[in-house]
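Listed below, chain by chain, are the residues.
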Amino acid sequence: MKFPTTFSLKQISEIIQSDFVGDPDFPVLGMNEIHVVEAGDIVFVDHPKYYDKALHSKATVILINKKVDCPMGKALLISDDPFRDFNKLTQYFSPFVASIRAISNSANIGKNTIIQPNVFIGNNVTIGDNCVVHANVSIYDNCIIGNGVTIHAGSVLGADAFYYKNRPEGFDKLLSGGRVVLEDNVDLGALCTIDRGVTGDTTIGAGSKLDNQVHVGHDTVIGKKCLIASQTGIAGCVVIEDEVTLWGQVGTNSGITIGKKAVIMGQTGVTKSVPGGKSYFGTPIEESREKLKQLAYTKKIPEIIKKLDNK
């Protein structure tokens, strides 16, 4: 998430009421999660295990719960609860604004686009030309939809990320201030759910096609010309490169990468990153040819045991 204008380190510290280390005029351009930070961004860290990763990331401002040595060219915001204060910044820069009508006055809808009855379109949504949005679709605030996109009935774009911190009093939600971006000629089947990014974008690349009942988690990036079959569940922060095929009921771990032109067979659990250009099957995931050999050998076990018993 980029701020509407450059803020100073001191201004940010005043918003969250924290101490800071660095030049009070140090420029702050935005905020983001660790896997997508850029120079000028704030990243938060609240566990010593991840201090080094955050301090040496591309982020130039680290929101941290302990005063540590500050790397050269960076600044620190010292907080007793970085998770809470990251939420404060999301509320400040991307507050929830309730809608007062089914299709917001601030929505921008392109030429020859058809909006069927009972569709909800939130604030600052952009929809391109020659799209079809079928009945009972909900498109939350700030979503970006390209040209030639079809969204079938009951799909939801822009719901919050499934991201919580476990506290003694219960689960504390990390607020979502990001967007969903559908590029040109994407098709979404019925009852798909595409969560928005926490601070960045959940993106589906041009020409990709999703079947009914596909879920895409926060900040995931799906490449161009991907094919994703029904009941697939894609976790947050996943990278799916171009021309990948995921068959029905595939599930993934978060933070993995599926390489270009990979084919993931039905009911596979993608437990780790896999290179492109190959076919995969099973849980834990393996190359499909090897996995199918193992299953064939497994079927022979009773016969082998019988032969051994007869000796």
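Source: prediction; values computed, not measured.

A. Focus on the sheet that holds strand E5 (residues 61–64). Pairing within the open sheet is mixed, and its 6 strands lie in the order E1-E3-E4-E5-E6-E2. Looking at the sheet topology across the chains shown, the edges are occupied by strand E1 (2–8) and strand E2 (19–21). When the angles between neighbouring strand axes are averaged without regard to direction, this sheet yields 30°. In the sheet, E5 pairs with strand E6 (residues 75–78) via 4 bridges, with the strands oriented parallel. When the sheet's bridge partners are listed, Val61 is paired in E6 with Ala75. Docked against the sheet, helix H1 (residues 9–16) engages E1, E2, strand E3 (27–31), strand E4 (41–45), E5 and E6, running at close to 105° with respect to E1.

B. Region of the structure containing the nonpolar core. Core analysis: the largest hydrophobic core is formed by 41 residues, its most contacted members being Ile139 and Ile258. Leaving out residues up to four positions away in the same chain, Ile139 has contacts with Phe120, Ile121, Gly122, Val125, Ile127, Val133, Ile145, Ile151 and Leu157. Ranked by size, the runner-up nonpolar core spans 22 residues in total, among them Ile12, Val61, Leu63 and Phe86.

C. Representation of the layout of surface pockets. Of the voids in this model, the largest pocket is the one considered here, and its volume is about 640 Å³. Residue assignment for the lining of the largest pocket shows that the elements contributing at least two residues are E1 and helix H3 (82–93). Each of domain 1 (2–93) and domain 2 (108–289) contributes no fewer than three residues to the lining of the largest pocket. Roughly 540 Å³ of volume is contained in the second largest pocket. The wall of the second largest pocket is formed by 18 residues, among which Glu33, Ile34, Phe44, Tyr50 and Tyr163 lie closest to the centre. Broken down by secondary-structure element, the contributors of at least two residues to the lining of the second largest pocket are E4 and helix H2 (51–55). Broken down by element, the residue count for the lining of the second largest pocket peaks at 3 residues, all from E4. Looking at side-chain class alone, the lining of the second largest pocket contains 9 nonpolar, 5 polar and 4 charged residues. Residue contributions to the lining of the second largest pocket reach at least three from each of two domains, namely domain 1 (2–93) and domain 2 (108–289).

D. Structural detail: the domain arrangement of the protein. Domain annotation for the protein reports domain 1 (2–93) and domain 2 (108–289). The interface is formed by 13 residues belonging to domain 1 together with 16 residues belonging to domain 2. A buried area of about 1100 Å², summed over both sides, lies between domain 1 and domain 2, and 58% of it is on carbon and sulfur atoms. When the buried surface of domain 1 facing domain 2 is broken down by residue, Glu33, Phe83 and Asn87 rank first, second and third, together holding 47% of it. The tally of links between domain 1 and domain 2 comes to 2 salt bridges. Among the salt bridges present, the one from Asp46 reaches Lys165, with a minimum N-O distance of 3.0 Å. No other element matches H3, which puts 6 residues into the side of domain 1 that touches domain 2. Taken together, the residues of the side of domain 1 that touches domain 2 break down into 4 nonpolar, 5 polar and 4 charged.

E. View of the packing of aromatic side chains. One pass over the structure, following the stated rule, counts 8 aromatic pairs. Ring geometry for Phe3 and Phe93: centres 3.7 Å apart, planes at 10°, overall stacked. In this pair, Phe3 sits in strand E1 while Phe93 sits in helix H3, placing the two residues 90 residues apart along the sequence. Accessibility classification places Phe3 together with Phe93 in one group, the buried group.

F. Spotlight on the pairing of E5. On E5, burial covers both faces: Val61 and Leu63 on one face and Ile62 and Ile64 on the other are all buried. Sheet topology note: the E4/E5 ladder contains 4 bridges and is parallel. Its bridge partner being in E5, Ile42 is matched across the sheet by Val61.

Cut-off values and rules
Residues numbered from 1 in each chain as written. Predicted model: local features only at pLDDT ≥ 70, side-chain atom pairs only at ≥ 80, totals over all residues. Heavy atoms only, no water. Pairing = 2+ DSSP bridges. Helix = DSSP H or I, 4+ residues; strand = E, 2+ residues; numbered from the N terminus. Axes fitted to C-alpha atoms, helices over the stretch in contact; angles between N-to-C directions. Contact = heavy atoms within 4.5 Å. Core = buried A, V, L, I, M, F, W, Y, C linked by side-chain atoms within 4.5 Å. Buried < 20%, exposed > 50% of the residue type's maximum accessible area, 1.4 Å probe, protein only. 1 Å grid on protein atoms, 1.4 Å probe; cavity = no way out; pocket = protein on both sides within 12 Å on 5 of 7 lines; lining within 4 Å. Points joined across faces, edges and corners; volume = space filled by probe spheres on them. Domains from an automatic or database assignment. Nonpolar A, V, L, I, M, F, W, Y, C, P; charged D, E, K, R; others polar. Buried area = accessible area lost by both parts, 1.4 Å probe. Salt bridge = Lys/Arg side-chain N within 4 Å of Asp/Glu carboxyl O. Phe/Tyr/Trp six-rings, centres within 6.5 Å; stacked < 30°, edge-to-face > 60°.

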